[in-house]
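This is what each chain is made of:
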Amino acid sequence: MTQFVLQPLPACGCKLSPNSGLCFSQVETFDNSTRGFNQLLKWSRKQTTPALPVSFVMEATGVYYEPLAYHLHKLKQAVSVLLPNKVRHFGKSLSVKSKTDRIDARIIALLSAHEPQAFVLKSHKEVIKKFDTEIAKCEARIKAVLKKEEWLQEKAERLLSIKGVGLMSLAIVLAETQGFALMNNSKQLTSYAGFDVVERESGTRVRGKTRISKKGNGRIRAALYFPALVASRHNAALPAVYQRINAGKESKMVGVVSLQRKLLLLNCSMWISDTVFQDKPLASGDQERRPLLRNKDEAFENKVGRSTDLPTLDELPYDLSRVKPSFVSKLYERFS
């Protein structure tokens, strides 16, 4: 099999020989125009063997690949368009450190999924089947643990009433937070999961974008990613929040992260207060569910905890000179 790749200018051919060896052609350059495309086809015919299938592979670089892709498609040629990150990571797997158009052309020419070996497909299917079996065992085990304690199962069922939150995601959140037993307020929980917003500003030159710290439990953030995506579309109360936050933003991830944080705090609030989520749009005058969606700390007031617990980092004042001396002395007493 022979396949060709064309980035904005360079093209390279890679031929699979009968002994499974790879043979590269010289890297040639062509104009990214109809005339250049026809020259590419004429050149490719000289590099191919009539009995072998030919595939053209290119990287999705902006919109520059589209004219060639449509041109080859009209001529009934096999065309594949690759994601840039796939090409980049494949190059890293080959220990290729340099990056030029010619090197990229050779890397892309190596990528092929046309007519893979039968034993490879069989092996992948067996691995997938094994993973599916183990996942099913884990889910069954989690359900069995929940059924052992009636109160635990009831609480879990209430949290599963939130559209977007599944059993595995909920199990991870509860396991990583020990059922929110050690959380005293929403700021502490937000910081523990790494959802707290940090600013990067120093002097007059360093003015970075605000972002979450990610200095927390990454397993919680990962477990809430797909629930947030589902909630942004199918949870009646949250799509409006998602759209409002993303208004004017370049990246939609801002809204996704916001929903991840909101779902985490919502889980905690419902776990403590033993309430069921009502899947309906939040009206402007709806006061009943507003504390849940605003993630206030009323639910934490009923938690059992020592009044002498140390404050979280988010609760410490940033300027101790503005704090009453009695409060500072109490802080020193707690740390001593």
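Residues numbered from 1 in each chain as written. Predicted model: local features only at pLDDT ≥ 70, side-chain atom pairs only at ≥ 80, totals over all residues. Heavy atoms only, no water.

Some words on the pattern of salt bridges
Heads up, the rule is: Whenever a carboxyl oxygen of Asp or Glu lies within 4 Å of a side-chain nitrogen of Lys or Arg, that contact is scored as a salt bridge. Helix and strand assignments come from DSSP, with helices taken as H or I runs of at least 4 residues and strands as E runs of at least 2, each series counted from the N terminus. The classification of residues rests on relative accessible area computed with a 1.4 Å probe and restricted to protein chains. Under 20% of the type maximum is buried, over 50% is exposed, and intermediate values are partly exposed.
Tallied over the full model, the rule gives 6 salt bridges. Across the pair Arg158 and Asp274 runs a salt bridge, and its minimum N-O distance is 3.6 Å. In this pair, Arg158 is assigned in helix α6 (residues 150-159) and Asp274 in the loop between α12 (253-273) and α13 (290-294), connecting sequence segments 116 residues apart. Judged by relative accessible area, Arg158 falls into the partly exposed class, the value being 24%.

Details of unusual backbone geometry
Despite not being glycine, Lys76 shows a phi value in the positive range, around 65°. Here Lys76 lies in the loop between α2 (66-74) and β6 (78-82). Phi is positive for Phe180, close to 60°, though the residue is something other than glycine. By relative accessible area, which is 1% here, Phe180 ends up buried.

Brief notes about the state of the cysteines
How we decide: The disulfide criterion used throughout: a pair of cysteine sulfur atoms within 2.5 Å.
All told, the structure shown has 0 disulfides when counted by the stated rule. Of the cysteine sulfurs around Cys14, a residue in no disulfide, the closest is that of Cys12, at 7.0 Å.

Topic: the environment of Gln39
Relative to the assigned elements, Gln39 resides in helix α1 (residues 34-47). With relative accessibility at 32%, the residue Gln39 sits in the partly exposed group. In this structure the C-alpha to C-alpha distance between Gln39 and Thr29, which are 10 residues apart in sequence, comes to 9.8 Å.

Some points on the side chain of His71
Our working definition: Here a residue-residue contact requires only that any non-hydrogen atoms of the pair lie within 4.5 Å.
Its place among the elements puts His71 in helix α2. The buried category is assigned to His71, whose relative accessible area is 18%. Once residues lying within four places of it in the same chain are set aside, the contact partners of His71 are Thr34, Phe37, Asn38 and Leu41.

Points about the nonpolar core
Cut-off, in case you're wondering: What we call a nonpolar core is a set of buried Ala, Val, Leu, Ile, Met, Phe, Trp, Tyr and Cys residues that are connected through their side-chain atoms within 4.5 Å.
The biggest cluster of nonpolar side chains holds 36 residues, and the ones touching the most others in it are Ile162, Phe180, Leu189, Phe195, Leu263 and Leu264. At the level of secondary structure, the elements contributing two or more residues to this core comprise α6, α7 (167-177), α10 (225-234), α11 (239-246) and α12. Not counting residues up to four positions away in its chain, the partners in contact with Leu263 are Ile162, Val165, Pro227, Ala228, Ala231 and Leu238. Core analysis: the next-biggest nonpolar cluster, separate from the first, contains 12 residues, Ala11, Trp43, Met58 and Tyr65 among them.

Interpretation in functional terms is not warranted from these geometric data alone.
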